[in-house]
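Analysis of the macromolecular model
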Amino acid sequence: MGEDSTGHDWYHVDRVRKNALLIAERERQGDLFIIEMAALLHDIPDEKLNSSVHEGQNKLSNFIEGIPLSADQALKIIEVINSISFRGGEKKPLSSIEAKIVQDADRLDALGAIGIARTFAFGGKKGQPIYHPDLTVREKMTIEEYRQGKSSSIHHFYEKLLLLKDLLNTDTAKMMAEERHRYMEEFLLQFYQEWNGQA
């Protein structure tokens, strides 16, 4: 991930780690070791960053087998990582407070100024346009449609980013998301004004 240019680099991982530990501290819940490890490793199996889901899972399993963890710790870390992805908006129930905290921390990094920057970095890497007014917002998508369908970086705000505030699990994350969400809405207003030659 050191050379990643899609917004899934080490700095993203470290921000997720820091936010996850902050949320856990404020919520006074969760196993901090499991939370920190899951945050650090959460993008290793991501199919966006691997040639297949299977390759990503193997990479995660091989890494976890190579570090000194108990079987219970390894299982909990893998369970957290496998349960937190957005994947086209599917809403899976999370089985642990650790999963809720790491998912919230990951989703917070998709919001605000950082979220905006990451959206355009990822869209550019995928070859998507910044915006195309003839495209429509995709509301119901399979995972394949979410990953491979035709969209733009601006459409991604409506297909994912603006939905995240209402999908957060913890009170701490919801509070942290408010300003970031507002900032994205203001960005979109400014974007459309400039796009239409009004600003």
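What comes next is a walk through the structure.

Reading guide: rules and limits
Residues numbered from 1 in each chain as written. Predicted model: local features only at pLDDT ≥ 70, side-chain atom pairs only at ≥ 80, totals over all residues. Heavy atoms only, no water. Helix = DSSP H or I, 4+ residues; strand = E, 2+ residues; numbered from the N terminus. Rg over C-alpha atoms; globule rule 2.2 N^0.38 Å. Buried < 20%, exposed > 50% of the residue type's maximum accessible area, 1.4 Å probe, protein only. Contact = heavy atoms within 4.5 Å. Areas by Shrake-Rupley, 256 points an atom, 1.4 Å probe, with all protein chains shown as cover. Salt bridge = Lys/Arg side-chain N within 4 Å of Asp/Glu carboxyl O.

1. A short note on the overall build of the protein chain
A tally of helices and strands in the protein chain yields 9 helices and 0 strands. When the helices and strands of the protein chain are read in sequence order from the N terminus, they spell out α-α-α-α-α-α-α-α-α. The C-alpha radius of gyration of the protein chain comes to 17 Å, within 12% of the 16 Å expected for a compact globule of 199 residues. The dimensions of the protein chain, computed from C-alpha atoms along their principal axes, are 60 × 35 × 30 Å. Residues classed as buried in the protein chain amount to 47% of the 199 residues present. At a minimum sequence separation of 6, the contacts of the protein chain that also span at least 24 residues come to 63%. In the form shown here, the protein chain has an accessible surface area of approximately 10700 Å², with 52% of it arising from carbon and sulfur atoms.

2. Quick notes on the pattern of salt bridges
Close approach of charged atoms allows side chains of opposite charge to pair. What the rule picks out here adds up to 10 salt bridges. Asp109 is the salt-bridge partner of Arg15, the closest N and O atoms lying 2.6 Å from each other. One end of the pair, Arg15, is in helix 1 (residues 10–27); the other, Asp109, is in the loop between helix 5 (97–108) and helix 6 (112–126), and 94 residues separate them in sequence. Accessibility expressed as a relative area gives 25% for Arg15, which makes it partly exposed. A salt bridge links Lys76 to Asp72; the shortest N-O distance between them is 3.3 Å. With Lys76 and Asp72 both in helix 4 (residues 71–83), this residue pair falls 4 residues apart, about one helical turn. Salt bridges here are not isolated pairs; linked through shared partners, they connect Asp14, Arg17, Lys18 and Glu36.

3. A few points about the environment of Glu65
You can see Glu65 is positioned in helix 3 (residues 53–65). Taking the relative accessible area as the measure of exposure, Glu65 reaches 64% and is therefore exposed. For the pair Glu65 and Tyr158, spaced 93 residues apart in the sequence, the C-alpha separation amounts to 39 Å.

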